[in-house]
Amino acid sequence: TAVKNEKGAGVFDGSAVIAFSAAGTGLTPIAAVADATGKGTLDIQRVHLSKFAPEVFASRIQTISSADDLRAAMAALQSGSAFALPDKSIPFSFSNGRVTLDPVVITGSNTETSINAEADLVEQTVSASLQLKLKTPAGLPPVKLQVAGLPQAVRQRLETSELAGKLGFEIMAREMAELERV
């Protein structure tokens, strides 16, 4: 199984087995899918999200003291590392042509990543929303990653502005305090 971006590079890869039961009616197969309701499980194994390194990012955030450090931490988040999802069985519901997976929470030593995902079988699109929360320092806003589109051409959007703004302000406040001491 592979979900790729518009340039053909892998975004999610790994193995998945789907088991479900659904009922629906329609004059065409797509109409039956649009009408169907049901539930099932998605069993994932060795699934990775490419170029997403939350633990590396979290370790860099701990040592930020300048705007350059902040930029380096943001770059580290999207490094060549792959984020491994745990092998697990994820329940999902099926209604009106949409498959909605139960949320998945992955806890790392310095991070907590929650994932919400769904697929629109009529439109043949997938979407996933990841929210990365840092355990320390406390009170930081989360980083959000949106992945959406056709499975062979998803678009990724990383939202770091709220976190970057808060950390940037803290850096500026420290530098101003240092200037006042001089």
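Higher on the page you've got the structure.
Counting restarts for each chain: residues are numbered from 1 in the order of the written sequence. With the structure being a predicted model, the display of local features is reserved for residues of pLDDT at least 70 and the display and counting of side-chain atom pairs for 80 or more, all residues being used for whole-chain, interface and lining totals. Excluding hydrogens and water, the side-chain figures rest on all heavy atoms present in the structure.

Things to note about the overall build of the chain
Thought 1: When helices and strands are tallied, the chain shows four helices and 11 strands.
Thought 2: Relative to the compact-globule value of 16 Å for 182 residues, the chain shows a C-alpha radius of gyration of 20 Å, a clear excess of over 25%.
Thought 3: Principal-axis analysis of the C-alpha atoms gives the chain an extent of 80 × 30 × 25 Å.
Thought 4: The cut-offs for exposure are 20% and 50% of the maximum accessible area for each residue type, with area from a 1.4 Å probe on protein chains only; residues under the lower value are buried, those over the upper are exposed, and the others partly exposed. With 182 residues in all, the chain has 30% of them scored as buried.
Thought 5: Within the chain, contacts between residues at least 6 apart in sequence are counted, and of these 55% link residues at least 24 apart.
Thought 6: Only carbon and sulfur atoms are counted for the fraction: they give 56% of the accessible area of the chain, which is about 10,400 Å².
Thought 7: Residues scored as positive are Lys and Arg, those scored as negative are Asp and Glu, and His as well as the terminal groups of each chain are ignored. Charged groups are reduced to one reference atom each: NZ for lysine, CZ for arginine, CG for aspartic acid, CD for glutamic acid. In the chain, 17 positive and 19 negative side-chain charges are present, and the distance between their average locations comes to 2 Å. Here a helix means four or more residues in a row that DSSP labels H or I, a strand means two or more in a row labelled E, and each is numbered from the N terminus. Taken over C-alpha atoms, the radius of gyration is set against a globule rule of 2.2 Å times the number of residues to the power 0.38. The contact definition used throughout considers only heavy atoms, calling two residues in contact when any of these lie within 4.5 Å. With residues, only the protein chains shown are counted as cover, and all accessible areas are computed by Shrake-Rupley using a 1.4 Å probe.

Observations regarding the pattern of salt bridges
Thought 1: Here, a salt bridge means any side-chain nitrogen of Lys or Arg that lies within 4 Å of a carboxyl oxygen of Asp or Glu. Tallied over the full model, the rule gives seven salt bridges.
Thought 2: Where Glu 6 meets Arg 155, a salt bridge forms, and the shortest distance between an N and an O atom there is 3.8 Å. Of this pair, Glu 6 sits in the loop between strand 1 (2-4) and strand 2 (10-23) while Arg 155 sits in strand 11 (residues 153-159), and the two are 149 residues apart along the sequence.
Thought 3: Relative accessible area serves as the criterion here: at 46%, Glu 6 is assigned to the partly exposed category.

A look at the pairing of strand 5 (residues 88-95)
Thought 1: A strand pair is defined by DSSP finding two or more bridges across the two strands. In terms of strand pairing, strand 3 (residues 37-50) meets strand 5 through eight bridges, oriented antiparallel. Residue Thr 41 lies in a different strand from strand 5, and its bridge partner there is Pro 91.
Thought 2: As paired elements, strand 5 and strand 6 (residues 98-101) share four bridges and run antiparallel to each other. Along strand 6, the bridge assignment pairs Phe 94 with Val 99.
Thought 3: Remark: two residues form the turn of the hairpin made by strand 5 and strand 6, two consecutive strands paired antiparallel; Asn 96 in that turn has positive phi of roughly 55°.

Section: unusual backbone geometry
Thought 1: The omega torsion of the bond from Thr 136 to Pro 137 falls at -10°, within 30 degrees of zero and hence cis.
Thought 2: Inspection of the secondary structure assignment puts Pro 137 in the loop between strand 9 (125-134) and strand 10 (143-150).
Thought 3: Even without being glycine, Asn 96 reaches a positive phi, approximately 55°.
Thought 4: Assignment of secondary structure puts Asn 96 in the loop between strand 5 and strand 6.
Thought 5: Among the residues examined, Asn 96 registers a relative accessible area of 56% and is labelled exposed.

So, the packing of helix 2 (residues 54-61) against helix 3 (residues 67-77)
Thought 1: The angle between two axes is taken between their N-to-C directions and runs from 0 to 180 degrees, where each axis is a line fitted to C-alpha atoms and a helix contributes only its stretch in contact. With their axes 8 Å apart at the nearest point, helix 2 and helix 3 run at an angle of 170° to one another. Put simply, helix 2 runs roughly antiparallel to helix 3. Across from Pro 54, Val 56, Phe 57, Arg 60 and Ile 61 in helix 2, the residues of helix 3 making contact are Ala 72, Ala 73, Met 74, Ala 76 and Leu 77. The labels follow the angle: roughly parallel below 35 degrees, roughly antiparallel above 145, roughly perpendicular from 65 to 115, and oblique for the rest.

These figures capture arrangement, not role.
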